[in-house]
Amino acid sequence: MNAEIKHIYRYPVKGLSPEPMDTVDLAAGDYLPGDRRFAVALGSTPVTGGHHLEWMPKRNFLALVKNEKLATLETEFDDATGVLTIKRQGRQVARGKITDRIGRTMIEEFFTAYMKAEANGRPRLVEANPGNHLTDQPAPVVSVINLASIRDLERVVKQPVDHRRFRANIYIDGIEPWSEFEWIGKTVAIGSAEAEVTERIDRCAAINVNPETAERDLNIVKFLQAGFGHIDMGVFVRVTKAGSAALGEFLSSR
């Protein structure tokens, strides 16, 4: 069963906008490179030992599940320079080299002013410790979503559902809706890499936020439960063999 890879995304800063990728190198037992490397910790989150953090649950950070205002921001991160650029409605509103103290301070000042009380004090721009990422899951997994399942959800919702609501790493197409759930416990090839499909992804209120308008305009969680008897969309995979994957290549079950 072959599914074409239609989109690849990383999210350099947790809760902020995705960056599309044409190709990605996947390492065994690791996260998607550059994904959720950084996050904006709430002012109430204990941050010790500089700005590096071990994995923490998402309640410690600014995130779409509670902070839909984040969806109004467009961000770009340059790996070579460490510079994060933040725009709103196409206009630059903040820029800083977040791999050093001065640049992080500039970004923190922006979020202090922009998020106001939602930041629970002065937020801190933090980076995951080497070997960690600040994903919702402590385990190093990659998220995969079947676009046909989203289209079947649209049948229940009775209007288009932007695939970006689900903030996955890899989106595939060309297989039956929900058939990805049959892969649990199996091995799949992702381009030249291989991975074990570990579990379904249960969803929270973050998917209710429209990535274009930053409004909670659909209760997607409720539609999933009502239409399908679960609140899952997509699967997690654990890379077991290193390799590369690119748009137009295939994810196939073994």
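In this report, we go over the structure that sits alongside the text. Only a predicted model underlies this, so the values are computations on that prediction, with no experimental measurement involved.

The subject of this paragraph is the sheet that holds strand β6 (residues 73–78). On the basis of which strands lie adjacent, the open sheet formed by 3 strands has the order β6-β7-β8 and antiparallel pairing. For this open sheet the edge positions go to β6 and β8 (91–97), each flanked by a neighbour on one side alone. Averaged over all pairs of adjacent strands, the angle between their axes in this sheet comes to 15°, without regard to strand direction. Bridge count between β6 and strand β7 (residues 83–88): 6 bridges; the pairing is antiparallel. Within the sheet, the bridge partner assigned to Phe-77 lies in β7 and is Leu-84.

As a further point, take helix α1 (residues 101–115). Taking 1.5 Å as the rise per residue, α1 with 15 residues should run 21 Å; its terminal C-alpha atoms sit 21 Å apart, in good agreement. As for α1, its buried residues are in contact with β4 (38–41), β6, β7, β8 and β9 (124–128). In the segment just after α1, Lys-116 is the residue with positive phi, at about 50°.

Within the largest apolar cluster, 42 residues are counted, with the highest numbers of intra-cluster contacts made by Phe-166, Tyr-171, Ile-172, Ile-190 and Ile-220. In contact with Ile-190, other than residues within four places in its own chain, are Ile-5, Leu-26, Ile-170, Ala-195, Val-237, Ser-244, Ala-245, Phe-250 and Leu-251. Ranked by size, the runner-up nonpolar core spans 25 residues in total, among them Val-13, Leu-73, Met-115 and Ala-214.

A few words now on the sheet that holds strand β5 (residues 52–53). Spatially, β4-β9-β5 is the arrangement adopted by the 3 strands of the open sheet, whose pairing is mixed. The open sheet is flanked by β4 and β5, the only strands paired with a single partner. Alignment of β4 against β9, held across 4 bridges, turns out to be antiparallel. Bridge pairing links Ala-41 to Arg-124 in β9.

Moving on, we get to the packing of helix α2 (residues 147–157) against helix α3 (residues 220–228). Packing of α2 against α3 brings their axes to within 10 Å, and their N-to-C directions diverge by 90°. Between α2 and α3, the crossing angle belongs to the class labelled roughly perpendicular. Contact residues: α2 offers Asp-152, Leu-153, Arg-155, Val-156 and Val-157, while α3 offers Ile-220, Phe-223, Leu-224, Gly-227 and Phe-228. Residues that form the contact of α2 with α3 fall into these classes: 7 nonpolar, 1 polar and 2 charged.

Definitions and limits used
- Residues numbered from 1 in each chain as written.
- Predicted model: local features only at pLDDT ≥ 70, side-chain atom pairs only at ≥ 80, totals over all residues.
- Heavy atoms only, no water.
- Pairing = 2+ DSSP bridges.
- Helix = DSSP H or I, 4+ residues; strand = E, 2+ residues; numbered from the N terminus.
- Axes fitted to C-alpha atoms, helices over the stretch in contact; angles between N-to-C directions.
- Expected span 1.5 Å × (residues − 1).
- Contact = heavy atoms within 4.5 Å.
- Core = buried A, V, L, I, M, F, W, Y, C linked by side-chain atoms within 4.5 Å.
- Buried < 20%, exposed > 50% of the residue type's maximum accessible area, 1.4 Å probe, protein only.
- Parallel < 35°, antiparallel > 145°, perpendicular 65-115°, else oblique.
- Nonpolar A, V, L, I, M, F, W, Y, C, P; charged D, E, K, R; others polar.

Spatial relationships are all this shows, so hold off on functional conclusions.
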